[in-house]
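# Summary of structural features
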Amino acid sequence: MNKRVQVAKYLIFDILAAIISWVLFYLYRKVYIEPQKFGIDIPIELTSKFYLALFFIPLFWVTLYYIVGQYTNIYRKSRLIELGQTMLTSIIGVIIVFFTLLLNDSIGNYKNYYSLFFTLLTLQFSFTYLFRLILTTRTAHRVHQRKLGFNTLIIGGNEKSVKIFQEMETQYRPAGNKFVGFLSVIETNEYSLASHIPNLGDYRQLPSVIDRYGIEEIIIAIESSEHGLLSEILMLLENRQITVWGIPDLFDMLSGHVKANTIYGSPLIKISNGLMPAWQENMKRLIDVVFSLLALIVLSPVTLVLAIWIKIESKGPVIYSQERIGRFGKPFTIYKLRSMVNGAENGTPMLSSREDPRITKLGQFLRRTHLDEIPQFYNVIIGDMSLVGPRPERKFYIDQIVQKAPHYKQLQKLRPGITSWGQVKYGYASNVDEMIERMPYDLVYLKNISLYLDFKILIYTLMDCFKGNGK
């Protein structure tokens, strides 16, 4: 399955719906509303403002849909939930458009405002949901007809896993799970599930099996006696963008903790890996990109002056690059303005300190003001980093940290950041022990992540930059 193609379909139809709605709304204003004000028929002229709106209005709607998370989990959409989401988003969007663009319209009486509002709302909602309904229905039919599926792995190989497998394979309306195999959790000579799907190893091989078979969904079907392994299994899945399902026990059902996801399917609990609500996560990414683009543009004269200064002061490239470990343990190349003499490490990883002789005179200034990190806005734009998140480290040091503090890997759920709570509260680390001392601040950020917290960290970081408190 190509998720990008499916997202592109929704984008195209959302843009088309916004264009059709705005054109019809424009005609409605010219034909019915403005004549009531002026007492004569108003000629329909397609002015430059009309064409400008025809560009920005669809862009506004697509941005709003992205922020509220309507382009995520694109193959698992519920038509009923999408109905409510589309209606709510349409109301919010029309209110914004109305007070931004339409409140100063020429009207005959105040009732025309209600007419304009509800006409635009009806048009926007109707066309948007009509196109989405067609797409979602077509996708759902392909899933139910087993033409579209999701590579699924079962963890557990005994009776409970056999039961859930048989239930899902004989569903009246299949959920689209394509079972590629199972992983065992205890060693035994025979596994009940082995007669249905292949045994791919034990649960400790989970990361490699996910990569090898392109696993998209996992069902944890372990016996009650095996529940002690649950936290270990979830730990292996923490840094993966995979849908994880669990089988509820009787206590869950009686206490009301289980919410059914489908009428015809088996009762499964969706175990969320999300750290923020979808709208906050998308808004965070949008703010990252917009802020970084503006920062690169505004700071371009400063960057040019610093680049010339770096070249004059010492030999070597202006931009320094280094491999760091990012989200989900994926390596990426980080960029900085060079603040040390060229070849400062000579192949051997060495952390810097405040009085490090390798740092140039200009480099001291760059580090105190954090100006050496300007190129990292590019890392943010391409998605390797965020404005706020745990500072990215090299694998050489991460391996040492994990030996002393295994829970460090939890921080890899997040995109690394240009700044972090740990950096604001503790500063840069000069050795592994200081990295571990700084880590609790980043773990607290992980557990309390929000846009509000991001803004506070950014404000304190800017204050540090102006005061020159970096090192």
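What you see is a predicted model, and the numbers here were worked out from it, not measured in a lab.

Inspection of helix α11 (residues 361-369) places Leu362, Gly363, Leu366, Arg367 and Thr369 among the buried residues, and these make up the whole buried set. Looking at the residues trailing α11, positive phi occurs at His370, about 65°.

Per-residue confidence for the protein chain averages 83 on the pLDDT scale, and 86% of its residues sit at or above 70. Of all helices and strands in the protein chain, the one with the weakest mean pLDDT is helix α8 (residues 250-255) (42), whereas helix α12 (residues 376-381) scores best (96). Note that residues 250-260 has pLDDT below 50 and, in this model, ten contacts with residues that lie over four places away or in other chains.

Attention shifts here to the pattern of salt bridges. Side chains bearing opposite charge may pair, as long as their charged atoms lie close to each other. Under the counting rule described, the total for this entry stands at nine salt bridges. Residues Asp14 and Arg132 are paired through a salt bridge, measuring 3.0 Å at the closest nitrogen-oxygen approach. In this pair, Asp14 is assigned in helix α1 (residues 3-38) and Arg132 in helix α4 (residues 111-144), connecting sequence segments 118 residues apart. A relative accessible area of 1% means that Asp14 is categorised as buried. Here Asp202 and Arg204 are joined by a salt bridge, their closest N and O atoms 3.4 Å apart.

Before going further, it helps to spend a moment on unusual backbone geometry. Phi is positive for Arg146, close to 60°, though the residue is something other than glycine. Structurally, Arg146 is set in the loop between α4 and β1 (150-155). With relative accessibility at 46%, the residue Arg146 sits in the partly exposed group. Phi is positive for Phe328, which is not a glycine, with a value near 60°.

Looking at where Thr86 falls in the secondary structure, it is placed in helix α3 (residues 79-102). A polar side-chain atom of Thr86 sits 3.2 Å from a polar atom in the side chain of Arg132. Here Thr86 is in contact with Gln70, Phe125, Thr128, Tyr129 and Arg132, once residues within four sequence places are set aside.

Our focus in this paragraph is the side chain of Ser314. Topologically, Ser314 is positioned in the loop between α10 (300-313) and β7 (319-325). Separated by 2.9 Å, the side chains of Ser314 and Arg338 make a polar contact.

Leu366, Met439 and Tyr445 are the most contacted members of the largest nonpolar core, which has 40 residues in total. Of all the elements in the fold, those that place two or more residues in this core are α10, β8 (331-337), α11, α12, β9 (386-388), α13 (395-404), α15 (432-448) and α16 (451-467). Among the elements that take part in this core, α15 stands out by supplying seven residues, more than any other. Beyond its immediate sequence surroundings of up to four residues, Met439 is in contact with Ala405, His407, Tyr408 and Leu411. Judged by nonpolar contacts, the second largest core, of 31 residues, contains Trp22, Ile57, Tyr71 and Leu116.

Now for a nonpolar patch on the surface. Taken together, Leu24, Leu27, Val31, Tyr32, Ile44, Leu46 and Tyr51 make up a surface patch of nonpolar side chains, about 650 Å² in accessible area. In terms of residue count, the dominant contributor to the nonpolar patch is α1 (four residues). Here Leu46 lies in the loop between α1 and α2 (48-67). The exposure class of Leu46 is partly exposed, given its relative accessible area of 47%.

Definitions and cut-offs
- Residues numbered from 1 in each chain as written.
- Predicted model: local features only at pLDDT ≥ 70, side-chain atom pairs only at ≥ 80, totals over all residues.
- Heavy atoms only, no water.
- Buried < 20%, exposed > 50% of the residue type's maximum accessible area, 1.4 Å probe, protein only.
- Helix = DSSP H or I, 4+ residues; strand = E, 2+ residues; numbered from the N terminus.
- pLDDT = per-residue confidence, 0-100.
- Contact = heavy atoms within 4.5 Å.
- Salt bridge = Lys/Arg side-chain N within 4 Å of Asp/Glu carboxyl O.
- Polar contact = N/O pair within 3.5 Å; in protein donor to acceptor, adjacent residues only side chain to side chain.
- Core = buried A, V, L, I, M, F, W, Y, C linked by side-chain atoms within 4.5 Å.
- Patch = residues over 30% accessible without salt bridge, like charges linked within 9 Å, V, L, I, M, F, W, Y side chains within 5 Å.
- Areas by Shrake-Rupley, 256 points an atom, 1.4 Å probe, with all protein chains shown as cover.

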